[in-house]
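# Observations on the three-dimensional arrangement
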Amino acid sequence: MLRIVSFTFNGFAENTYLLIDEATRATAVVDPGMYSRAEQQTLRDYIAQEKLDVQYLLNTHAHIDHVLGNAFVLNTYPGIPFLLHPLDLPTLRAVPTYAGPYGFGAYEPAEPTGELAAGQVIELGESTLEVRFAPGHAPGHVVFYDAAGGQLAGGDVLFKSSIGRTDLPGGDHNTLIRSIKAELLTLPDATVVYPGHGPSTTIGAERRSNPFLQ
């Protein structure tokens, strides 16, 4: 069984997730947004206290608020794979050009060690994650679907009563709507969506009442 634990970090109130295989403690860190030392310590302490075995660093996409802690995770848990969809590599490499003006002058870049692709299956202990390609908010945006647990780490695609913004470089509203309908609304209504910002929701709730999807 896969358990998802959430932390809210940085000035963008970004949700950082730990995806934990309960049987083996194998863990993936998804979209680490920690920047301050206190935030870094919070994540590190939780992982140590729970005796988690960090095996992956995964980015749904590479906007600054979702990657601030990439280097920290890689430095703290050396040798783990860092996976990102290749279409979002330019997004990641652009972060240093604007990190300072956004107030993150100490941002440390990190390069992926591998790629994510649509349909890819990531084995995490006794659990599996399916990679679903869902661009529109960012060119290489993906989501991570735990079919057995009926849950999704969704980044900035679908929110409670909202959707990801599309006015950033590489964003496109029509592409995002198509992604949501093809990759998320095809999932069971009971599927819990853990978004990059704000509270969790379900596919059914958003199908019925999300104003952007009517």
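One can find the structure itself at the top, above this paragraph.
Residues numbered from 1 in each chain as written. Predicted model: local features only at pLDDT ≥ 70, side-chain atom pairs only at ≥ 80, totals over all residues. Heavy atoms only, no water.

Let us look at the sheet that holds strand S5 (residues 82–84). Here we have 6 strands laid out as an open sheet, ordered S1-S2-S3-S4-S5-S6, and mixed in their pairing. The sheet is open, and its two borders are formed by strand S1 (2–9) and strand S6 (114–115), each paired with just one other strand. Pairing between strand S4 (residues 53–58) and S5: 2 bridges, direction parallel. Across the sheet, the residue bridging to leucine 57 is phenylalanine 82, located in S5. (Pairing = 2+ DSSP bridges. Helix = DSSP H or I, 4+ residues; strand = E, 2+ residues; numbered from the N terminus.)

On to the environment of leucine 213. As for its placement among the helices and strands, leucine 213 is situated in the segment after helix H6 (203–209). For the pair leucine 213 and isoleucine 177, spaced 36 residues apart in sequence, the C-alpha to C-alpha distance is 7.5 Å. Look past the residues within four positions of leucine 213 in its chain and what remains in contact with it is Leu158, Ile163, Ile177, Ile180, Leu185 and Glu206. (Contact = heavy atoms within 4.5 Å.)

Time to look at the pairing of strand S10 (residues 151–155). Within S10, 5 of the 5 residues are buried, which leaves the element mostly enclosed by the surrounding structure. Pairing geometry for strand S9 (residues 142–146) and S10, over 3 bridges, is antiparallel. Across the sheet, the residue bridging to aspartate 146 is glutamine 151, located in S10. Between S9 and the antiparallel strand that follows it, S10, lie 4 residues; glycine 150 among them carries a positive phi value of about 65°. (Buried < 20%, exposed > 50% of the residue type's maximum accessible area, 1.4 Å probe, protein only.)

Quick look at the pattern of salt bridges now. Applying the stated criterion to the full structure yields 9 salt bridges. Here arginine 25 and glutamate 50 are joined by a salt bridge, their closest N and O atoms 3.4 Å apart. Of the two residues, arginine 25 sits in the loop between strand S2 (14–21) and strand S3 (26–30) while glutamate 50 sits in the loop between helix H1 (37–49) and S4, which places them 25 residues apart along the sequence. Residue arginine 25 is classed as partly exposed on the basis of its relative accessible area, which comes to 21%. Linking aspartate 167 and arginine 165 is a salt bridge whose minimum nitrogen-to-oxygen distance equals 2.7 Å. By relative accessible area, which is 56% here, aspartate 167 ends up exposed. (Salt bridge = Lys/Arg side-chain N within 4 Å of Asp/Glu carboxyl O.)

Ranked by internal contacts, the top residues of the largest apolar core, which has 31 residues, are Leu18, Leu43 and Val73. Of the residues forming this core, the biggest block, 4 residues, is contributed by helix H3 (residues 70–76). Here valine 73 is in contact with Val29, Pro32, Met34, Leu43, Leu57 and Ile80, once residues within four sequence places are set aside. Judged by nonpolar contacts, the second largest core, of 19 residues, contains Leu58, Leu116, Val142 and Phe144. (Core = buried A, V, L, I, M, F, W, Y, C linked by side-chain atoms within 4.5 Å.)

This part takes up the sheet that holds strand S14 (residues 201–202). The strand order across the open sheet formed by 6 strands is S7-S8-S9-S10-S13-S14, and the pairing between neighbours is mixed. Among the strands making up the open sheet, the edge pair consists of strand S7 (121–124) and S14. The pairing of strand S13 (residues 192–195) with S14 spans 2 bridges and is classified as antiparallel. Residue pairing for S14: valine 192 is matched across the bridge by threonine 202.

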